[in-house]
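Residue-level structural notes
Now for the letters of each chain:
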Amino acid sequence: DALTLPKDLLDFSGYGPKELLALLALAERLKKERYRGEDLKGKVLALLFEKPSLRTRTTLEVAMLHLGGHAVYLDQKQVGIGEREPVRDIAKNLERFVEGIAARVYRHETVEALARHARVPVVNALSDRAHPLQALADLLTLKEAFGGWEGIEVAWVGDGNNVLNSLLEVAPLVGLRVRVATPRGYEPDPLLLKRANAHFTHDPKEAVLGAHALYTDVWTSMGQEDEREKRLRDFQGFQVNGELLKLLHPEGIFLHCLPAHYGEETTEEAVHGERSRVFDQAENRLHTAKAVLLTLLK
Ligand code: CP
Ligand code: NVA
């Protein structure tokens, strides 16, 4: 049963429930089997990263190894996307060398341009607008915790950023409910909020009360370092700590895509505490990355 997906994974436009569920089922199977294979033997993935990474880079590299392929890491200092060389020229070179490109970029337009100009699949490894690989791991983690997504409520407390946008994109495809609390001025993409039929508030407690999961991310994303002082002020009252976690459903879990900025959006107690599924979530980045690469590069 060959699964056909759009050439690129920049976000989940072009995905319906069928495509998403098939990808997640594949990830589950790969995890269960601790899959190692030669499916991508001789194939190479270029990792074009303008920003740092622990999870995304490592899981993509390890996923390629587990599938019999190889990854080449290219950092911005060497490649100079849009500085040393225009993005179109980079795409036109890389498509001659490799079978796929995973790109972590500041501007979403950069992954769009790569996808447009390269004949090989392009995976968004995080842009200012979306983090699709993260959303896949989030869904797998929620399924493992609750057996499914239908009727499950996730409260997002914090910045209306790339990670939230991708969660809002996938949620309606699987029947997951999202409640969002951000400070004024930090709302996510309104169209995605609307499509997900998400409950929106500026009050963290209102979002969290009775929810099955509480999810947060840094207040200052990569590339926003200049805004840090202002953000620290604007996000007061939005920290995910023991007090907020108490408002969850009795079985409620805590999620964070990591890295964490302790003392800001969350505490060490929350990330390492009883309710935390943060490291399952991180592990699931590997299995979901494998499913994506297996499907797009095969
Ligand atoms: N969650 C995530 O994408 O982590 P990295 O920035 O370390 O890749
Ligand atoms: N919102 C964060 C996520 C990091 C994985 C960022 O963009 O820096």
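Residues numbered from 1 in each chain as written. Chains lettered and ligands numbered in written order. Predicted model: local features only at pLDDT ≥ 70, side-chain atom pairs only at ≥ 80, totals over all residues.

Let us look at the overall build of the chain. In terms of helices and strands, the chain carries 13 helices and nine strands. Taking 19 Å as the expected radius of gyration for a compact globule of 298 residues, we find that the chain reaches 19 Å, a close match to that expectation. When each of the 298 residues of the chain is scored for burial, the buried share is 48%. In the chain, the proportion of contacts linking residues at least 24 apart, taken out of those at least 6 apart, comes to 74%. (Helix = DSSP H or I, 4+ residues; strand = E, 2+ residues; numbered from the N terminus. Rg over C-alpha atoms; globule rule 2.2 N^0.38 Å. Buried ≥ 20, exposed ≤ 12 C-beta atoms within 10 Å, placed from the backbone. Contact = placed C-beta atoms within 7 Å.)

By domain assignment, the chain separates into domain 1 (36-128) and domain 2 (134-282). Centre-to-centre, using C-alpha coordinates, domain 1 lies 27 Å away from domain 2. Partitioning the side of domain 1 that touches domain 2 into residue classes produces three nonpolar, one polar and three charged. (Domains from an automatic or database assignment. Nonpolar A, V, L, I, M, F, W, Y, C, P; charged D, E, K, R; others polar.)

For helix α5 (residues 108-117), every residue scored as buried is listed here: Thr-110, Val-111, Ala-113, Leu-114 and Ala-115. Lining the buried residues of α5 we find α4 (87-97), β3 (100-104) and β4 (122-124).

Here we take up the nonpolar core. Judged by nonpolar contacts, the single largest core of 93 residues is most densely connected at Ile-101, Leu-214 and Leu-293. Sort the elements by how many residues they give to this core and helix α13 (residues 278-297) lands first, with eight residues. Lining this core are residues from two domains, each supplying at least three of them: domain 1 (36-128) and domain 2 (134-282). When neighbours within four sequence positions are excluded, Leu-214 is seen to be in contact with Ala-155, Val-157, Val-208, Val-240, Leu-244, Leu-245, Leu-248, Gly-252 and Phe-254. (Core = buried A, V, L, I, M, F, W, Y, C linked by C-beta atoms within 7 Å.)

Spatial ordering of the open sheet is given by β2-β1-β3-β4, a layout of four strands whose pairing is parallel. Because the sheet does not close on itself, it has two edges, and the strands there are β2 (70-75) and β4. The mean inter-strand angle of the sheet, taken between neighbouring strand axes irrespective of direction, is 20°. Of the pairings in the sheet, the one linking β3 to β4 comprises three bridges and is parallel in character. When the bridges of β4 are listed, Ile-101 appears paired with Val-122. (Pairing = 2+ DSSP bridges. Axes fitted to C-alpha atoms, helices over the stretch in contact; angles between N-to-C directions.)

We now examine the UniProt feature "binding site: carbamoyl phosphate" (unreviewed entry) in the chain. As recorded in UniProt, the sites labelled "binding site: carbamoyl phosphate" (unreviewed entry) are Arg-104, His-131, Pro-132, Leu-133, Gln-134, Cys-257, Leu-258 and Arg-285. When you line up the elements, Arg-104 lands in strand β3. Judged by the 26 C-beta atoms lying within 10 Å of it, Arg-104 falls in the buried class. Aside from chain neighbours lying at most four places away, what touches Arg-104 is Phe-49, Glu-50, Lys-51, Ser-53, Thr-56, Ala-125 and Leu-126. Here Cys-257 shows up in the loop between β9 (253-256) and α12 (268-272). When residues no more than four places from it in sequence are discounted, the contact partners of Cys-257 are Gln-134, Val-163 and Asp-217. (UniProt positions renumbered as here; feature names shortened; annotations may be inferred.)

Taken together, the residues surrounding ligand 2 are Leu-126, Asn-161, Asn-162, Val-163, Asp-217, Val-218, Ser-221, Met-222 and Cys-257. A per-class count over the shell around ligand 2 returns five nonpolar, three polar and one charged. (Near = placed C-beta within 6 Å.)

Another point: the UniProt feature "domain: Aspartate/ornithine carbamoyltransferase carbamoyl-P binding" (unreviewed entry) in the chain. In the UniProt entry, the feature "domain: Aspartate/ornithine carbamoyltransferase carbamoyl-P binding" (unreviewed entry) is given for residues 7-144. The straight-line gap between the two end C-alpha atoms of residues 7-144 is 28 Å; of that span, 48% is helix and 14% is strand.

Looking at the chain as a whole, the pLDDT averages 97, with 100% of positions reaching at least 70. In the predicted complex, the global pTM is 0.98; the interface-specific ipTM is 0.99. (pLDDT = per-residue confidence, 0-100.)

The environment of ligand 1 is formed by Ser-53, Leu-54, Arg-55, Thr-56, Leu-126, Gln-134, Cys-257, Leu-258 and Pro-259. The residue inventory of the shell around ligand 1, partitioned by class, reads five nonpolar, three polar and one charged. Looking at which domains feed residues into the shell around ligand 1, each of domain 1 (36-128) and domain 2 (134-282) supplies at least three.

This paragraph deals with the sheet that holds strand β8 (residues 213-216). Strand order in the open sheet formed by five strands is β7-β6-β5-β8-β9, and the pairing between neighbours is parallel. With one partner strand each, in any of the chains shown, β7 (199-201) and β9 form the two edges of the open sheet. Within this sheet the neighbouring strands show an average axis-to-axis angle of 20°, counted without direction. Note that β8 and β9 share four bridges and pair parallel. Looking across to β9, one finds that Thr-216 is bridged to His-256. Taken strand by strand, helix α7 (residues 162-174) contacts β5 (153-157) and β6 (177-181), and its axis lies near 155° from that of β6.

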